[in-house]
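# Geometric and topological summary
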Amino acid sequence: MSRFPVLTAALGFTAALMLGPVLSPCQTPDAVDSDNSSAVEEIEEVELIEEIDTASGGPETVDLFQTIGCFHPVVLHFPIAWLILLLLVEIVVLTGLAGDLNRWSMALLVLTLLSFIPAIVSGLGMASAQGSASSEFIERMLLHRNLKIAAGLVLLSALVVRIKTSQAAGSKNKLVYFALVMVAAGLMGYGSHLGGEMVWGVGFLPVPF
């Protein structure tokens, strides 16, 4: 009789060892395989992202010169407006009816020249970001750039003539100065027209004749 409790305890312990893995909250082989496959997918996805970053050369760096170029649409109108105003003032001065207005034309000329600086610098910055544009656009852009720079140089020459000639100088020197301002305005006008074509397309300005 004493052997039965010992035998019963041994059988119970054996059954517990056999049923333990079944009743325990361990993962099934399918769950383990699922976790392993999801982990593998995550690793492959990370490797794919790293390959894409490597192929694209990593994060794109910001070009300060191109950032300055973004301000070109803001500052490009200042030299146009100042030069138009300067031309109108010089026309009045040339008639001899300017009075005190003649004193301010020199300051207006200097302000006009100063306004060229941010316009040209920002324009060059914007041009540096147009490498993928069409050849026709690039050609028009280069002509636009050259005309604007030429207008600034002609106006700088007008400033030199203005400094070297006094108010009492002969009418010949005044005409040379006025002619330089006119040439600068003409170059500015055609260059601005090309800039408008780059933004709005060729033929954006309807001509009635």
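See the structure shown above.
What this report covers is the structure whose coordinates are included nearby. Given the structure is predicted, the values throughout are model-derived calculations rather than measurements. (Residues numbered from 1 in each chain as written. Predicted model: local features only at pLDDT ≥ 70, side-chain atom pairs only at ≥ 80, totals over all residues. Heavy atoms only, no water.)

### Thoughts on the environment of leucine 83
By the element assignment, leucine 83 lies in helix H5 (residues 77-94). Look at leucine 83 and you get buried, because its relative accessible area is 3%. With 106 residues separating them in the primary sequence, leucine 83 and glycine 189 have C-alpha atoms 10.0 Å apart. Apart from residues no more than four positions distant in its own chain, leucine 83 is found in contact with Thr112, Leu155, Ala184, Ala185 and Met188. (Helix = DSSP H or I, 4+ residues; strand = E, 2+ residues; numbered from the N terminus. Buried < 20%, exposed > 50% of the residue type's maximum accessible area, 1.4 Å probe, protein only. Contact = heavy atoms within 4.5 Å.)

### Notes on the side chain of glutamate 90
Inspection of the secondary structure assignment puts glutamate 90 in helix H5. Within the local environment of glutamate 90, its side chain forms a polar contact with the side chain of tyrosine 177, the two groups lying 2.9 Å apart. Glutamate 90 has contacts with Ser105, Arg162, Tyr177 and Phe178, leaving out every residue within four places of it along the chain. (Polar contact = N/O pair within 3.5 Å; in protein donor to acceptor, adjacent residues only side chain to side chain.)

### Brief notes about the packing of aromatic side chains
Within this structure, the stated rule accounts for 0 aromatic pairs. Directly above the aromatic system of tyrosine 177 lies the positively charged group of arginine 162, at a separation of 5.3 Å from the ring centroid. (Phe/Tyr/Trp six-rings, centres within 6.5 Å; stacked < 30°, edge-to-face > 60°. Lys NZ or Arg CZ within 6 Å of the ring centre and 35° of its normal.)

### Details of a nonpolar patch on the surface
A surface patch of nonpolar side chains, about 980 Å² in accessible area, is lined by Leu64, Phe65, Ile68, Val110, Leu111, Leu114, Ile117, Val121, Leu124, Ile149, Leu153 and Leu156. Elements with a minimum of two residues in the nonpolar patch: helix H3 (64-69), helix H6 (101-127) and helix H7 (135-164). The element that contributes the greatest number of residues to the nonpolar patch is H6, accounting for 6 residues. Considering the arrangement of structural elements, one finds isoleucine 117 in helix H6. (Patch = residues over 30% accessible without salt bridge, like charges linked within 9 Å, V, L, I, M, F, W, Y side chains within 5 Å. Areas by Shrake-Rupley, 256 points an atom, 1.4 Å probe, with all protein chains shown as cover. Salt bridge = Lys/Arg side-chain N within 4 Å of Asp/Glu carboxyl O.)

### Side note on the pattern of salt bridges
With the rule as written, the count across this model stands at 3 salt bridges. Of the charged contacts, one joins arginine 162 and glutamate 90 as a salt bridge, the two residues approaching to 3.5 Å between their closest N and O atoms. Separated by 72 residues along the polypeptide, arginine 162 in helix H7 and glutamate 90 in helix H5 bring together distant segments of the chain. For the residue pair arginine 162 and glutamate 90, the accessibility class agrees, reading buried in each case. A salt bridge links glutamate 136 to arginine 140; the shortest N-O distance between them is 3.7 Å. Taken together, the positions of glutamate 136 and arginine 140, both in helix H7 and 4 residues apart, correspond to about one turn of that helix. Connected via shared salt-bridge partners are Glu136, Arg140 and Glu197.

### Considerations on H5
Relative to the 26 Å expected for 18 residues at 1.5 Å per residue, H5 spans 26 Å between its end C-alpha atoms, a close match to the ideal helical length. Those residues of H5 lying buried are Pro79, Leu83, Leu86, Leu87, Val89, Glu90 and Val93. Immediately beyond the C-terminal end of H5, within one or two residues, lies glycine 96, with a positive phi of roughly 80°. (Expected span 1.5 Å × (residues − 1).)

### Let's talk about the packing of H6 against H7
Viewed as axis vectors pointing N to C, H6 and H7 meet at an angle of 155°, and their least axial separation amounts to 10 Å. Taken together, the axis directions place H6 and H7 in an arrangement best described as roughly antiparallel. Viewed along their axes, H6 and H7 form a crossing whose handedness is left-handed. Between H6 and H7, the residues in contact are Asn102, Ser105, Met106, Leu109, Val110, Thr112, Leu113, Phe116, Ile120, Leu124 and Ala127 and Met141, Arg145, Lys148, Ile149, Ala151, Gly152, Leu155, Leu156, Ala158, Leu159, Arg162 and Ile163, respectively. Residue composition of the contact of H6 with H7, grouped by class: 16 nonpolar, 4 polar and 3 charged. (Axes fitted to C-alpha atoms, helices over the stretch in contact; angles between N-to-C directions. Parallel < 35°, antiparallel > 145°, perpendicular 65-115°, else oblique. Left-handed = near helix turned anticlockwise from the far one by under 90°. Nonpolar A, V, L, I, M, F, W, Y, C, P; charged D, E, K, R; others polar.)

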